[in-house]
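Coordinate analysis (summary)
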Amino acid sequence: MLALIIAVIIIGAWPALSSHDSIAFITDKSWYPLEGQFGMLSMLLASVLVMIIAILLAAPIGIMCAIFIAYIAPARIQKGYRFAIALLAGMPSVVLGLWGLTVLVPLINKWSPPGQSLLLAGIVLCIMILPTVTLTSLAAFKSLPETLQHATSALGIRQHVQIVNVLIPAASAAIISGVLLAMARALGETMVVLMVAGNVVQFPTGLLEPVRTLTANIALEMAYATDLHRASLFVSGLILTVLVLVMMLIASKIKSDNHYG
Amino acid sequence: MALQTKGFTLGQLTEAKTCCEPIPHLSVHNLSVKYQHKTVLENVNLDIYKGCITALIGPSGCGKTSFLSTLNRMTDMIAGASVSGKVLFHDDNILNQPIDLLTLRRQIGMIFQKPNPFPLSIYRNLALPLREIGIKDKQLIDYKIETVLKDVGLWQEVHHQLDMTATKLSGGQQQRLCIARALVLEPEILLMDEPCSALDPISSAVVEDLIVSLRGRYTVVIVTHNLAQAKRVANYAGFFWMQERVGKLVEFGRSQHLFDQPQNELTAAFVNGRKG
Amino acid sequence: MAERLFQAGIWCAALLVLMVLFWLVQGLLDQGLAKLSVDFLFSQPQNAGRDGGISSILVATLLILAVTLLVALPLGLASAVWLAEFTATHNFWARKVRLALDVMAGVPSIVFGLFGYAFFSLFLGMGFSILSGGLTLACMILPVFIRTCEIGLRSVNNSWRQGAAALGMPKIKAVWFILLPAALPAISAGLILGIGRATAETAALMFTSGYVDRMPGSVMDSGRALSVHIYDLSMNVTGGDAAAQASALILLMIIMVLNMLAYAITDLWLGRRVLNGFAN
């Protein structure tokens, strides 16, 4: 079935791939579909930048939350907090986008119009992928043998040294693969970026500039695209899929290579 | 047993099997341990003598390991465990709540049944505890690591690959590394919870020799299921047994007495293999 | 000192996340709550959704989910049974299929949308319809569902399998009468999580099931899912924010209930496994 999906996407993309200089898709930055220019560089870059902002924010905070649940939180808080994270994890992305649009955009708009921007998309995406980071890191911490903690305690090693120098390195492979999964999710996410990134096709120059990502582009133009234009949207879908797959494969490789996985 | 040479000095190897003056290093009074509401160990009184090896024997589930973990307050890490009684160490009751646990555990080290090296390099395994006690000088750290690895007989085997992940060592090597890791802090007392039971016979013999070589330099308390081993290494021995579903210390004394002329019926039955 | 600083940092991060969650919910309640009423649930949207309710939207959502379920459940179960019971763990094809499933689970939903549009809507000629939307969603949730079912089946006590075989039971009967019931909690938990994911999904539906907000007459009609409704109200309809937030609250409630069900079932299952003493 995976083959079927990829096949359909490739067939859809074929007219564009064959008729065009295919390198131009990712090197050319002008996207004027009505004039037959299908350069995706700006949107690709926007996608990647949004993802990077999201993960830079989500990875440290998410891992800290996992540490909080696993080692710091008192037993009573622990369960409730976990539930809160699970709630956040189940939040539909369209709802997050709505919140970003109706609550955050007006806020940012006050000091830097239009408000919808690269940065904001990154922040809202961060909220979306944070639970992924937290839950995978938590699972990584929980799968560490308890003896490790006993050993550090028996040596009189302070808790934060224990966590930073022993437990995090021991869980690192699983944590990294969790972060990669979260990155893949961020890259493939459509609704949030569609709603809060601003959707202006331009080469991203500043954090507060509105941008359009590949995913948002597909969602916006699919409805009316025809012929080569449609085919090139399929190409962007293909690029996305390949990027996401590469990340997922690396993630599963890292995880399976590791001893404590 | 050749009794009493002139005491001992820390850091100097005394001859095997020579025992030391019986100076209590730890004194345990009326110690009881409960998990939730279940009493697992009741009313234990004994002295652990300085520089000697004290073996704790008895069937599984009679509270030996619980007893051992009260001595460096590892019981704190078990949810629902509560301990009552007194354990005197340098005239302080270590069971008192406001005690500096970090310092206590640096003075009283512990070795676990299953070797538990950190999944870091061999070098980092040993350097981490040293950094924690404030030793930052690289040369000093290197020197201490070399010394302690020589002490446990690992230096020859690993000195050219200190960067290797410790979890790649064999089981016996891992356990010796764990002992080295405890020794590098220069503790006064070492608690060992069946340190050989997860090892193959050959590694087990190597670790046992190592334990014997610690006599006189460190006070060692070892929990073991292996009676022959207890007989070989220990100066003192304590026998634990379940009575009415509660663990109790039945007999304690010089290891030779306990094994050869046990005072208690149960002890006699156990050491002769008739029970347990 | 360093210890304190570290702990303080962790607490701060944890509180920050909690505050964001609180802010989020509060933001939705702020405008949405006023709009929310029984009437809202049971009346048709008017004036492009600004007024009126969401009855037709709910019906469309339910229909889409029904299609998804009807397709995903049998297909998913069959694949899971094949993977768990009829192939060796290290069988070449099983491994490939498993890898493909794991990879598919990560494919962006918009790509599923593209696929559904090209394959179901155009190639198979279903157009913008509830059917093609439901089928697309089924493709999307199948990978995760199959894998959860497989894990559930694998963790069923092996002695039951042997017991059934010793009684001379054909394997297919053993699966049907013993193993599937035993793995039922895992299966239902997986299914509920899948439905949750499908309910939340927007991108894959935008150009498979379409935008039409009339009451759908059949599965071949176009119907607007709740999540698409929220998107449309907030992006394309000025003054639709309140209705969008009310709809978001409804969506959130549905998903919370589904998630809690899934957790409760998993908990129950884990608890029972421990009781029966076959936790490993």
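Residues numbered from 1 in each chain as written. Chains lettered and ligands numbered in written order. Predicted model: local features only at pLDDT ≥ 70, side-chain atom pairs only at ≥ 80, totals over all residues. Heavy atoms only, no water.

**Details of the overall build of chain B**
So the rule is basically this: Here a strand is any run of E in DSSP of at least two residues, a helix any run of H or I of at least four, and the numbering for each starts at the N terminus. Contacts were defined at the residue level, with two residues in contact if any of their heavy atoms lie within 4.5 Å. What sets the accessible areas is the Shrake-Rupley method with a 1.4 Å probe; for residues, cover comes only from the shown protein chains.
What chain B contains, in helices and strands, is ten helices and ten strands. If you take every contact in chain B between residues at least 6 apart in sequence, the share linking residues at least 24 apart comes to 67%. About 12,200 Å² of surface is accessible on chain B, with carbon and sulfur atoms providing 49% of the total.

**Notes on the interface of chain A and chain B**
Stated precisely, the cut-off is as follows: Two parts placed together each lose some accessible area under a 1.4 Å probe, and the buried area is that loss summed for both. A pair is scored as a salt bridge if a Lys or Arg side-chain nitrogen falls within 4 Å of a carboxyl oxygen belonging to Asp or Glu. The definition of a polar contact used here is a pair of N or O atoms within 3.5 Å, where within protein one atom must be able to donate a hydrogen and the other to accept one, and adjacent residues in sequence count solely through side-chain atom pairs. Any residue outside Ala, Val, Leu, Ile, Met, Phe, Trp, Tyr, Cys, Pro, Asp, Glu, Lys and Arg is labelled polar, Gly included; the first ten of those are nonpolar and the last four are charged.
On the side of chain B, 23 residues touch chain A, which itself brings 18 residues to the contact. A combined buried area of about 1,700 Å² lies between chain A and chain B, and 71% of that area is made up of carbon and sulfur atoms. There are one salt bridge connecting chain A and chain B. Among the salt bridges present, the one from B:Glu132 reaches A:Arg158, with a minimum N-O distance of 2.8 Å. The interface formed by chain A and chain B holds three residue pairs in polar contact (both at pLDDT 80 or more) in total. Elements that contribute at least two residues to the side of chain A that touches chain B include exactly α7 (146–154) and α8 (159–188) of chain A. For the side of chain A that touches chain B, the element with the highest residue contribution is α7(A), accounting for eight residues. A breakdown of the residues in the side of chain A that touches chain B according to their chemical character gives ten nonpolar, seven polar and one charged.

**As for the layout of surface pockets**
Convention followed: Here a cavity denotes grid points, spaced 1 Å and computed from the protein atoms alone, that fit a 1.4 Å probe unable to get out, and a pocket denotes an open set having protein on both sides within 12 Å along at least 5 of 7 lines; residues with an atom within 4 Å of a point are the lining. Grid points are joined across faces, edges and corners, and a volume is the space filled by probe spheres set on the points.
The calculated volume of the second largest pocket comes to roughly 760 Å³. Taken together, 22 residues form the lining of the second largest pocket, with A:Tyr71, A:Gln149, A:Ser153, A:Gln159 and B:Met77 sitting closest to its centre. Looking at the lining of the second largest pocket, the elements with two or more residues in it are α3 (41–72), α6 (118–142), α7 and α8 of chain A together with α2 (101–107) of chain B. Ranked by residue count, the leading element in the lining of the second largest pocket is α7(A), at four residues. Of the residues assigned to the lining of the second largest pocket, the class counts are eleven nonpolar, five polar and six charged.

**Some details on the interface of chain C and chain A**
Every contact between the two is made by 58 residues of chain C and, on the other side, 62 residues of chain A. Where chain C meets chain A, there are zero salt bridges. Where chain C packs against chain A, one counts five residue pairs in polar contact (both at pLDDT 80 or more). Of all elements in the fold, only α1 (2–35), α4 (92–106), α5 (109–123), α6 (130–154), α9 (203–206), α10 (226–236) and α11 (241–276) of chain C reach the threshold of two or more residues within the side of chain C that touches chain A.

**Digging into the environment of C:Val17**
Heads up, the rule is: The rule is simple: take the accessible area with a 1.4 Å probe, protein chains only, and divide by the maximum for that residue type; under 20% is buried, over 50% is exposed, in between is partly exposed.
Considering the arrangement of structural elements, one finds C:Val17 in helix α1. With relative accessibility at 8%, the residue C:Val17 sits in the buried group. Dropping the residues within four chain positions of it, C:Val17 is found in contact with A:Ile61, A:Cys65, A:Tyr81, A:Ile85, A:Leu88 and A:Leu130.

**Here we look at the packing of aromatic side chains**
Rules: Between rings of Phe, Tyr and Trp, where Trp is taken as its six-membered ring, a pair exists when centres lie within 6.5 Å; planes separated by under 30 degrees are stacked, by over 60 edge-to-face, and by other angles tilted.
Counted by the stated rule, this structure contains 14 aromatic pairs over all chains. Plain terms: the ring middles of A:Phe68 and A:Tyr81 are 4.9 Å apart, the flat faces sit at 70° to each other, and that makes the pair edge-to-face. Of this pair, A:Phe68 sits in helix α3 while A:Tyr81 sits in helix α4 (residues 75–89), placing them 13 residues apart in sequence. What makes A:Phe68 buried here is its relative accessible area of 2%. What makes A:Tyr81 buried here is its relative accessible area of 5%. One aromatic cluster is present, formed by A:Phe68, A:Tyr81 and C:Trp11 through successive ring pairs.

**Some remarks on the state of the cysteines**
The bond known as a disulfide is covalent and runs between the sulfur atoms of two cysteines. All names here are of chain A. The line we're drawing: Working definition: a disulfide is two cysteine sulfur atoms within 2.5 Å of each other.
As enumerated under the stated definition, the model contains zero disulfides over all chains in all. Among the cysteines around cysteine 65, which has no disulfide bond, cysteine 126 carries the closest sulfur, lying 9.8 Å off. Take cysteine 65: its relative accessible area is 0%, and that puts it in the buried class.

**Comments concerning the packing of helix α6 (residues 171–183) of chain B against helix α7 (residues 201–214) of chain B**
All names here are of chain B. The criterion, for reference: Axis definition: a line fitted to C-alpha atoms, limited for helices to the stretch in contact. Angles are taken between N-to-C directions and run from 0 to 180 degrees. Any angle that falls under 35 degrees is termed roughly parallel, while one over 145 is termed roughly antiparallel, one within 65 to 115 roughly perpendicular, and all others oblique. Each crossing gets its handedness from the near helix: less than a right angle anticlockwise from the far helix is left-handed, clockwise is right-handed.
Where α6 contacts α7, the two axes come as close as 9 Å, and the packing angle between them is 20°. One way to sum up the angle between α6 and α7 is to call them roughly parallel. The handedness of the crossing between α6 and α7 is right-handed. Contacts between α6 and α7 pair Gly172, Gln175, Arg176, Ile179 and Leu183 from the former with Ser203, Val206, Val207, Leu210 and Leu214 from the latter. Broken down by class, the residue content of the contact of α6 with α7 amounts to six nonpolar, three polar and one charged.

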